[in-house]
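For reference, the chains in residue letters:
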Amino acid sequence: MRTLMNKFFEFDFLEFEEYKNKFNVALLPKLTKDNYRVAMAKLFSPSNEINSNLVFIYFKMGVIVLPKKIADRTCVHKTLESIQEAIPKEILTSDLGGNEASITKLHNDWLQLCKKEENVKYFKEMANARTNEALRHSGKFNEEHLRTPGSFRKLNVD
């Protein structure tokens, strides 16, 4: 995928630094009881007025373009009460009434982790990782006769 759509993957994680006064994104360090990882975002506005209905609609529209499996796992909460009902207090951030660090602190900790030399080196290495498409089997026989490109070690048909 990265080889075929390399422009999509050109991203420097450290670019988040310049946006930290506009929004913060954080993955909560602890999982929910159902083993879900929670990602949270906090938006800042110069006038401290953010139209919550507009943000809600924007994220709901964003969920539409996600694959069904991911969209089914995505929840957008409109009120603080609905967040507190869905996420246990033990893992919820302090700015939303929980026991965990604030979204801003988690975001800044994540940025510091990304800035470490070994992580920057890893990100650059992964940004240049590509598959050699010349070595991929063409699958012409399967495409023509079986309508299923690729190879199978075991195929069960009901």
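Above this text you will find the structure in question.
A. Region of the structure containing the overall build of the protein chain. Check the secondary structure of the protein chain and you find seven helices and two strands. Counting only carbon and sulfur atoms, one obtains 56% of the accessible surface of the protein chain, whose full area is about 13,100 Å².

B. Main features of the nonpolar core. In this structure, Ala-26, Leu-28, Val-38, Met-40, Ile-83, Ile-87, Ile-91, Leu-92, Leu-96, Ile-103 and Leu-106 together form the largest nonpolar core, which totals eleven residues. Those residues in contact with Ile-103 that lie beyond four places of it in its chain are Asn-24, Ala-26, Met-40, Ala-41, Lys-42, Thr-93, Asp-95 and Leu-96.

C. Region of the structure containing the layout of surface pockets. Within this model, the largest pocket holds a volume of roughly 1,800 Å³. If you go around the largest pocket, you meet 42 residues; those closest to its centre are Ala-39, Met-40, Ala-41, Cys-75 and Val-76. Taken together, the elements giving at least two residues each to the lining of the largest pocket come down to strand S1 (23-27), strand S2 (39-43), helix H2 (52-64), helix H3 (68-73), helix H4 (80-86) and helix H5 (103-115). Per element, the largest residue contribution to the lining of the largest pocket is seven residues, and it comes from H2. Of the residues contributing to the lining of the largest pocket, the split by class is 28 nonpolar, six polar and eight charged.

D. Just the environment of Phe-23, in detail. By the element assignment, Phe-23 lies in strand S1. Phe-23 sits 21 residues away from Phe-44 along the chain, and the two C-alpha atoms are 5.6 Å apart.

E. Broad picture of the side chain of His-107. Tracing the chain through its elements places His-107 in helix H5. Classification of His-107 by relative accessible area gives buried; the value is 0%. Side-chain polar atoms of His-107 contact the backbone oxygen of Val-25, separated by 2.9 Å.

The rules behind each value
Residue numbers restart at each chain and count upward from 1, following the sequence in its written direction. Given that this is a predicted model, residues contribute local features only at a pLDDT of at least 70 and side-chain atom pairs are listed and counted only at 80 or more, while totals for whole chains, interfaces and linings are drawn from all residues. Side-chain measures here rest on the full set of heavy atoms in the structure, leaving out hydrogens and waters. Helix and strand definitions follow DSSP, with helices as H or I runs of at least four residues and strands as E runs of at least two, each counted in order from the N terminus. Here, Shrake-Rupley sampling with a 1.4 Å probe gives the accessible areas, and only protein chains in the shown set may cover a residue. Among buried residues, those of type Ala, Val, Leu, Ile, Met, Phe, Trp, Tyr and Cys that are joined through side-chain atoms within 4.5 Å constitute a nonpolar core. Buried, partly exposed and exposed residues are distinguished by accessible area as a fraction of the type maximum, computed with a 1.4 Å probe on protein chains only: under 20%, between the cut-offs, and over 50%, respectively. Contact criterion: two residues are considered in contact whenever any of their non-hydrogen atoms come within 4.5 Å of each other. Residues are called lining when one of their atoms sits within 4 Å of a cavity or pocket point, these points coming from a 1 Å grid over the protein atoms alone, where a cavity is a set in which a 1.4 Å probe fits but cannot get out and a pocket is an open set with protein on both sides within 12 Å along at least five of seven lines. Grid points are joined across faces, edges and corners, and a volume is the space filled by probe spheres set on the points. Classification used: nonpolar for Ala, Val, Leu, Ile, Met, Phe, Trp, Tyr, Cys and Pro, charged for Asp, Glu, Lys and Arg, polar for all others including Gly. N or O atoms within 3.5 Å of each other form a polar contact, as long as, within protein, one can give a hydrogen and the other can take it, and as long as residues adjacent in sequence are counted only when both atoms are side-chain atoms.

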